[in-house]
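Residue-level listing of the chains:
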Amino acid sequence: GCLLSLAQDMLHELNSKLQTAYVAIEDCSDGLAYSHLMNLAHPHGVPVESLNYEAVSVEDNIRNLTILQTALDGIGLGKRVPIMPLAQGDGDAHQLFLRWCLDHCAVGVGGETGHGFASSCRQCGDLGHTQ
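Cut-offs and rules
- Residues numbered from 1 in each chain as written.
- Predicted model: local features only at pLDDT ≥ 70, side-chain atom pairs only at ≥ 80, totals over all residues.
- Heavy atoms only, no water.
- Helix = DSSP H or I, 4+ residues; strand = E, 2+ residues; numbered from the N terminus.
- Polar contact = N/O pair within 3.5 Å; in protein donor to acceptor, adjacent residues only side chain to side chain.
- Contact = heavy atoms within 4.5 Å.
- Core = buried A, V, L, I, M, F, W, Y, C linked by side-chain atoms within 4.5 Å.
- Buried < 20%, exposed > 50% of the residue type's maximum accessible area, 1.4 Å probe, protein only.
- Axes fitted to C-alpha atoms, helices over the stretch in contact; angles between N-to-C directions.
- Parallel < 35°, antiparallel > 145°, perpendicular 65-115°, else oblique.
- Left-handed = near helix turned anticlockwise from the far one by under 90°.
- Nonpolar A, V, L, I, M, F, W, Y, C, P; charged D, E, K, R; others polar.
- Salt bridge = Lys/Arg side-chain N within 4 Å of Asp/Glu carboxyl O.

(A) Spotlight on the side chain of histidine 104. Relative to the assigned elements, histidine 104 resides in helix H5 (residues 91–107). In this structure the side chain of histidine 104 is engaged in a polar contact, spanning 2.7 Å, whose partner is the side chain of histidine 42. Among all residues touching histidine 104, those that are not within four sequence positions of it are Met38, Ala41, His42 and Leu77.

Structure (structure tokens):
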């Protein structure tokens, strides 16, 4: 259906920006993709070195998403991360939040549109998430 196609389009855009291979939107439950997307628009805004790249439990996901929320607060974005729904793999929550992240990154800092993604992606390196 249309929603599935929309989710696949967003995943393709995510994978393209981050050089990753997510196959389902729920794979973003660990918060890594969202954190690295935010660093495209706000370099070093999220302390990605503090994230758990081996997250396997909802508790691990919550910890990573809480780090993201703290970083967004510090950047001054005023965006609430729906931590519990994302951590638990709620597909609708992931679609909404991923859309916001992608839209935010497309505008970038100072309202400029899409430049610097390629070099930023290379700086992100392998997120360790090539499922």
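Structure shown, so let's carry the discussion forward.
(B) Looking closely at the nonpolar core. Leu14, Tyr34, Leu37 and Leu68 are the most contacted members of the largest nonpolar core, which totals 33 residues. Counting residues per element, the ones that place at least two in this core are helix H1 (2–18), helix H2 (32–41), helix H3 (58–75), helix H4 (83–87) and H5.

(C) Focus on the environment of aspartate 90. With respect to the helices and strands, the residue aspartate 90 is situated in the loop between H4 and H5. Between the alpha carbons of aspartate 90 and glutamate 26 there is a distance of 6.9 Å; along the sequence they are 64 residues apart. Only 2.8 Å separates the side chain of aspartate 90 from the backbone nitrogen of alanine 93, close enough to count as a polar contact.

(D) Local environment of the packing of H2 against H5. At a closest axis distance of 8 Å, the pairing of H2 and H5 adopts a crossing angle of 20°. The orientation of H2 relative to H5 falls into the category roughly parallel. For the pair H2 and H5, the crossing hand works out as left-handed. Residue-level inspection shows Tyr34, Leu37, Met38, Leu40 and Ala41 of H2 in contact with H5, the latter providing His94, Phe97, Leu98, Trp100, Cys101, Leu102, His104 and Cys105. Taken together, the residues that form the contact of H2 with H5 break down as 11 nonpolar, 2 polar and no charged.

(E) Broad picture of the pattern of salt bridges. Tallied over the full model, the rule gives 4 salt bridges. Measuring nitrogen to oxygen at the nearest pair gives 3.0 Å for the salt bridge that ties aspartate 103 to arginine 99. You can see aspartate 103 and its partner arginine 99 sitting in helix H5, 4 residues apart, about one turn around the helix. According to the relative accessible area criterion, arginine 99 is partly exposed, its value standing at 26%. Each of Glu13, Lys17, Arg99 and Asp103 takes part in one network of salt bridges that share partners.

These results come straight from atomic positions and should not be treated as a statement about function.
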